[in-house]
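# Observations on the three-dimensional arrangement
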Amino acid sequence: DVKVLQVDNLQVSFRTYGGEVEAVRGVSFDLHQGETLAIVGESGCGKSVTSNAIMGLIPEPAGVIKNGSVLFKGKELTGMSKPQLRKIQGVDISMIFQDPMTALNPTLTIGEQLTEGLRTHKKVSKQEAKQKAIEMLELVGIPNPKERLKQFPHQFSGGMRQRIVIAIALICEPELLIADEPTTALDVTIQAQILELFEEIQQKTNISIILITHDLGVVAKIADRIAVMYAGKVVEIGDKRAIFYTPEHPYTKGLLNSVPRLDLVEEELQPIEGTPPDLFSPPKGCPFTARCPYAMEVCDHVYPFTTTISESHAVDCWLQDERAKVLQELS
Ligand code: SF4
Ligand code: MG
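Every value quoted in this text rests on a predicted model; they were computed, and no experiment measured them.

Spatial ordering of the open sheet is given by E2-E1-E4-E5, a layout of four strands whose pairing is antiparallel. Strands at the two margins of the open sheet, each flanked by one partner only, are strand E2 (19–32) and strand E5 (75–76).

So, on to the nonpolar core. Ala167, Ile178, Ile226, Val228 and Met229 are the most contacted members of the largest nonpolar core, which totals 83 residues. In terms of residue count, helix H7 (residues 158–170) provides more of this core than any other element does, seven residues in total. Dropping the residues within four chain positions of it, Ile226 is found in contact with Ala38, Val40, Val219, Ile237, Gly238, Lys240 and Ile243.

Around ligand 1 lies a shell of 14 residues, among which Cys286, Cys292, Ala295, Cys299 and Cys317 are the nearest. Its residues assigned to classes, the shell around ligand 1 comprises twelve nonpolar, two polar and no charged.

On to unusual backbone geometry. Negative phi is the rule for most residues except glycine; trans is the rule for most peptide bonds. Look at the link from Glu60 to Pro61: it is a cis peptide, with omega at 0 degrees. Tracing the backbone through its elements, the reader meets Pro61 in the loop between helix H1 (47–55) and strand E4 (63–72). The phi torsion at Glu173 lies on the positive side, around 55 degrees, for a residue other than glycine. For Glu173, a count of 14 C-beta atoms within 10 Å puts it in the partly exposed group. The phi angle at Glu181 is positive, at roughly 50 degrees, despite the residue not being glycine. Tracing the sequence through the fold places Glu181 in the loop between strand E7 (176–180) and helix H8 (188–205).

Right, let's talk about the environment of Ile243 for a bit. By secondary structure assignment, the location of Ile243 is in helix H10 (residues 240–245). A residue is classified by how many C-beta atoms lie within 10 Å of it, and Ile243, with 28 of them, is buried. Taking the C-alpha atoms as reference points, Ile243 and Thr36, separated by 207 residues in sequence, lie 14 Å from one another. Here Ile243 is in contact with Ile226, Glu236, Gly238 and Thr252, once residues within four sequence places are set aside.

Criteria and cut-off values
Residues numbered from 1 in each chain as written. Chains lettered and ligands numbered in written order. Predicted model: local features only at pLDDT ≥ 70, side-chain atom pairs only at ≥ 80, totals over all residues. Pairing = 2+ DSSP bridges. Helix = DSSP H or I, 4+ residues; strand = E, 2+ residues; numbered from the N terminus. Core = buried A, V, L, I, M, F, W, Y, C linked by C-beta atoms within 7 Å. Buried ≥ 20, exposed ≤ 12 C-beta atoms within 10 Å, placed from the backbone. Contact = placed C-beta atoms within 7 Å. Near = placed C-beta within 6 Å. Nonpolar A, V, L, I, M, F, W, Y, C, P; charged D, E, K, R; others polar.

Distances and angles like these do not, on their own, reveal function.
What follows is the structure in structure tokens.
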């Protein structure tokens, strides 16, 4: 059981004119080889910032990794120099974003874009690179790959373009793929095809995937484990079955009550009355207090400890912690 990634107490802040925003406030999780971890939550919960931090894409100097550690196969990524990071980005760790059009260069052929990374990082010959590009297009299900290498992005449909983006992300055979809302811009049928493609690729390559999404339908389809983020914290993490069938955090329960509908994929999650707290001055206690139907006094004052429910399921909520009663009486 190989751990590809170990994120420990990651903290990321952004300096703005309004003050400092604590976007990620102590996030920890592991990722195993061949596993898909979905990070879910409303927009602004810190899920994209977390993945950008792993990728070394926090825009400096406004953004700062304040604390914590990101180990990729035992190597510390935080604090790595730009040139060191560039050797890892796109080679060992690849990232796919929401909009396939902006990810592709309209002035270069698909073949040029596919082979660029290989030629730079793997020092293969032109002919080998072309052969590999053809194989990748086959892997992602693009017919007539040899002919299509000469074409430009606009000559492909949206779904095909996202397949090409995936092929580019995978051509250097990374061990970790980070996909931030990879199907959000696509229509439902294409979305389903792309998710199947992820599963196929994972079976063939044993790649580890972090999937950032607000769409629980997508999560239900391809995640092995789920981390639920709220106000810069992972409030619950567990196997897909545990999270879907026996969620413990009131926020997770609220999310699941808004039954995912595949025809509403473009809507942001807004299942629970109220809004998340302002991260300029994050609350001392549980950030969900204001929206939580079960909030107790202790919740307001002290952030809950992590309670381990089972080997693969943990939650940050006072309802699961027997010490809440004692603290309740003290406060
Ligand atoms: Fe609700 Fe308290 Fe649990 Fe937070 S810690 S989710 S406020 S019960
Ligand atoms: Mg996002």
